[in-house]
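Observations on the model geometry
The chain contents come next:
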Amino acid sequence: MTVTLPGVRRSAARAPYYDEFTVALRDSAGRYRAWPTAKVKVQVDDPAEAHVDLLAKYTDDDIHNVMTYLLTLK
């Protein structure tokens, strides 16, 4: 997650807290920082998001074919 504060100062964290009211993280020095969600810009970087987006595109037959192929790789 990247949090952009007013004045273009950015903070990043690997294990942040984020809900509709508060965004919080530990900065690089280990200090806990929290801000109201409405006062900052938040960008959540989720590497698995692309995989989740693809789930809606795959049919049951597609998944079956992939699994069948993977079983041939024994």
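Residues numbered from 1 in each chain as written. Predicted model: local features only at pLDDT ≥ 70, side-chain atom pairs only at ≥ 80, totals over all residues. Heavy atoms only, no water.

**Structural notes on the sheet that holds strand β4 (residues 22-26)**
Convention followed: We call two strands paired when DSSP finds no fewer than two bridges between them. Strands are runs of DSSP state E lasting at least two residues, helices are runs of H or I lasting at least four, and both sets are numbered from the N terminus onward.
The strand order β3-β4-β5 describes an open sheet built from three strands, whose pairing is antiparallel. Edge positions in the sheet fall to β3 (17-18) and β5 (32-36), since each of these pairs with one other strand and no more.

**Considering the nonpolar core**
How we decide: Only buried residues count toward a nonpolar core. Its members are Ala, Val, Leu, Ile, Met, Phe, Trp, Tyr and Cys residues joined through side-chain atoms within 4.5 Å. When a residue's accessible area, from a 1.4 Å probe over protein chains only, is under 20% of the maximum for its type it is buried; when over 50% it is exposed; and in between it is partly exposed.
Met1, Val3, Leu5, Val23, Leu25, Trp35 and Val40 together form the largest nonpolar core, which totals seven residues. Contributing elements (two or more residues each) for this core: β1 (2-5) and β4.

**Let's talk about a negative patch on the surface**
Definition in use: A patch is a set of surface residues, each over 30% in relative accessible area and not in a salt bridge, joined within 9 Å for like charges and within 5 Å for the nonpolar side chains Val, Leu, Ile, Met, Phe, Trp and Tyr. Note on areas: these come from Shrake-Rupley sampling with a 1.4 Å probe, and a residue is covered only by the protein chains present in the view. Each salt bridge in this description consists of a side-chain nitrogen of Lys or Arg and a carboxyl oxygen of Asp or Glu lying within 4 Å of one another. Positive charge is attributed to Lys and Arg, negative charge to Asp and Glu, and no charge count is given to His or to the chain ends. A charged residue contributes its charge at one atom only: NZ of Lys, CZ of Arg, CG of Asp or CD of Glu.
A cluster of acidic residues, Asp45, Asp46, Glu49 and Asp53, forms a negative patch at the surface. Summarising the element assignment, Glu49 is placed in helix α1 (residues 49-55). Exposure remark for Glu49: the relative accessible area of 42% places this residue in the partly exposed category.

**Looking at the environment of Thr37**
As a reminder, the rule being used: When checking whether two residues touch, look at their non-hydrogen atoms; a contact exists if any pair is within 4.5 Å.
Tracing the backbone shows Thr37 in the loop between β5 and β6 (41-43). Beyond its immediate sequence surroundings of up to four residues, Thr37 is in contact with Tyr18, Asp19, Glu20, Phe21, Thr22 and Val23.

**What to know about the confidence of the model for the chain**
Put simply, the rule reads: Every residue is assigned a pLDDT by the predictor, reflecting its confidence on a scale from 0 to 100.
Here the chain averages 83 in pLDDT, while 89% of its residues score no lower than 70. For the chain, the element scoring lowest by mean pLDDT is strand β2 (residues 9-12), at 64; helix α2 (residues 60-71) scores highest, at 94.

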